[in-house]
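# What the coordinates show
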Amino acid sequence: MTYCVGMMLDRGLVLMSDTRTNSGVDNISVFRKMFHWQVPGERMIAIMTAGNLATTQYVVSLLEERTKAPKERHNSLLEAETMFQVAQIVGKLLCDTIRERENFNGEEAQGRFTASMIVAGQIKDMEPRLFLIYPEGNFIEASYDTPFFQIGETKYGRPIVLRGYDRTMSFEDAVKLLMVSFDSTLKANLSVGLPLDLLVIEKDTFAPRHARRITAADPYFQKISSGWGEALKQAFYSLPDYSFEE
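Quick caveat, the model's predicted, so the values are computed rather than measured.

Moving on, we get to the overall build of the protein. A tally of regular secondary structure across the protein gives 5 helices and 12 strands. In terms of C-alpha radius of gyration, the protein reaches 19 Å, essentially the compact-globule figure of 18 Å for 246 residues. In terms of overall dimensions, the protein has a C-alpha envelope of 75 × 45 × 40 Å along the principal axes. Burial statistics for the protein: of 246 residues in total, 44% are counted as buried. Restricting to contacts in the protein with at least 6 residues of sequence separation, those with at least 24 account for 62%. Carbon and sulfur atoms make up 53% of the accessible area of the protein, which totals about 13,200 Å².

Here helix α1 (residues 53-64) spans 17 Å end to end across 12 residues, near enough to the 16 Å set by a 1.5 Å rise per residue. Lining the buried residues of α1 we find β5 (34-39), β6 (43-51), α2 (83-105) and β7 (115-123). Where α1 begins, the capping side chain belongs to asparagine 52, and its oxygen is found 3.2 Å from the backbone nitrogen of alanine 54. Downstream of α1 by a residue or two, glutamate 65 has a phi angle that is positive, lying close to 55°.

Counted according to the given criterion, the structure contains 15 salt bridges. Across the pair aspartate 10 and arginine 167 runs a salt bridge, and its minimum N-O distance is 3.0 Å. Of this pair, aspartate 10 sits in the loop between β1 (3-9) and β2 (12-17) while arginine 167 sits in the loop between α3 (158-164) and α4 (171-188), and the two are 157 residues apart along the sequence. The closest approach of N and O atoms between glutamate 65 and lysine 68, which form a salt bridge, is 4.0 Å. Relative accessible area serves as the criterion here: at 32%, lysine 68 is assigned to the partly exposed category. A single salt-bridge network, built from bridges that share partners, covers Lys92, Asp96 and Arg99.

With their axes 10 Å apart at the nearest point, α4 and helix α5 (residues 219-238) run at an angle of 70° to one another. Considered as vectors, α4 and α5 are oriented roughly perpendicular to each other. Crossing handedness for the pair α4 and α5: right-handed. Taking contact as the criterion, the partners of Lys176, Met179, Val180, Asp183, Ser184, Leu186 and Lys187 in α4 are, on α5, Tyr220, Phe221, Ile224, Ser225 and Trp228. Taken together, the residues of the contact of α4 with α5 sort by class into 7 nonpolar, 2 polar and 3 charged.

Calculation rules
Residues numbered from 1 in each chain as written. Predicted model: local features only at pLDDT ≥ 70, side-chain atom pairs only at ≥ 80, totals over all residues. Heavy atoms only, no water. Helix = DSSP H or I, 4+ residues; strand = E, 2+ residues; numbered from the N terminus. Rg over C-alpha atoms; globule rule 2.2 N^0.38 Å. Buried < 20%, exposed > 50% of the residue type's maximum accessible area, 1.4 Å probe, protein only. Contact = heavy atoms within 4.5 Å. Areas by Shrake-Rupley, 256 points an atom, 1.4 Å probe, with all protein chains shown as cover. Expected span 1.5 Å × (residues − 1). Polar contact = N/O pair within 3.5 Å; in protein donor to acceptor, adjacent residues only side chain to side chain. Salt bridge = Lys/Arg side-chain N within 4 Å of Asp/Glu carboxyl O. Axes fitted to C-alpha atoms, helices over the stretch in contact; angles between N-to-C directions. Parallel < 35°, antiparallel > 145°, perpendicular 65-115°, else oblique. Left-handed = near helix turned anticlockwise from the far one by under 90°. Nonpolar A, V, L, I, M, F, W, Y, C, P; charged D, E, K, R; others polar.

So, in structure tokens, the structure goes:
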């Protein structure tokens, strides 16, 4: 399972993903689910993936044309004129890949190769944009009404983001909010796990504002995890007491 969040702020974009993949409790691995590319001064594009690992890795490979010799490779994302076209490219590749795998493996493979993606980024002279790509290849775009997207195991961390999100918040507060959301998901579902990948894209910079991998030994994440648990207890006991009396 996976948990990924892409969030749109007035200042830019904040992305976070876990790295755990598993095909059973005794077969757990770490795989990167966040990828980004940039052309300095011209564009910054990032993708997060959830679902069948072979499907998502194959799509990323196609995007980078890894099947060609190094001197012949070109990344189609770096040639698209708009972020909408980027979303179209990713959606078509994802849909075609899933359909091809299912057709090749027959009826018993239906639903086994499904995946979804979050696409985020900015191209020069345009606004930052955020898209959620569905397995069918269609997609929706983030807006003021829907300013963030989640894929994978979303139900445990979603209430945190819903209550804490503010489009005008700082990058630092957004990262704190996502860490709380991920900590809540980690506590509730063992199929989502550390380390976490974090990427902050500041508007009009076309380069990572901040990028890092957060491990279990990270002192800030440890403080967030323990502090959030204690804060919840204090908030609970500060609420009015329930009484059995009329």
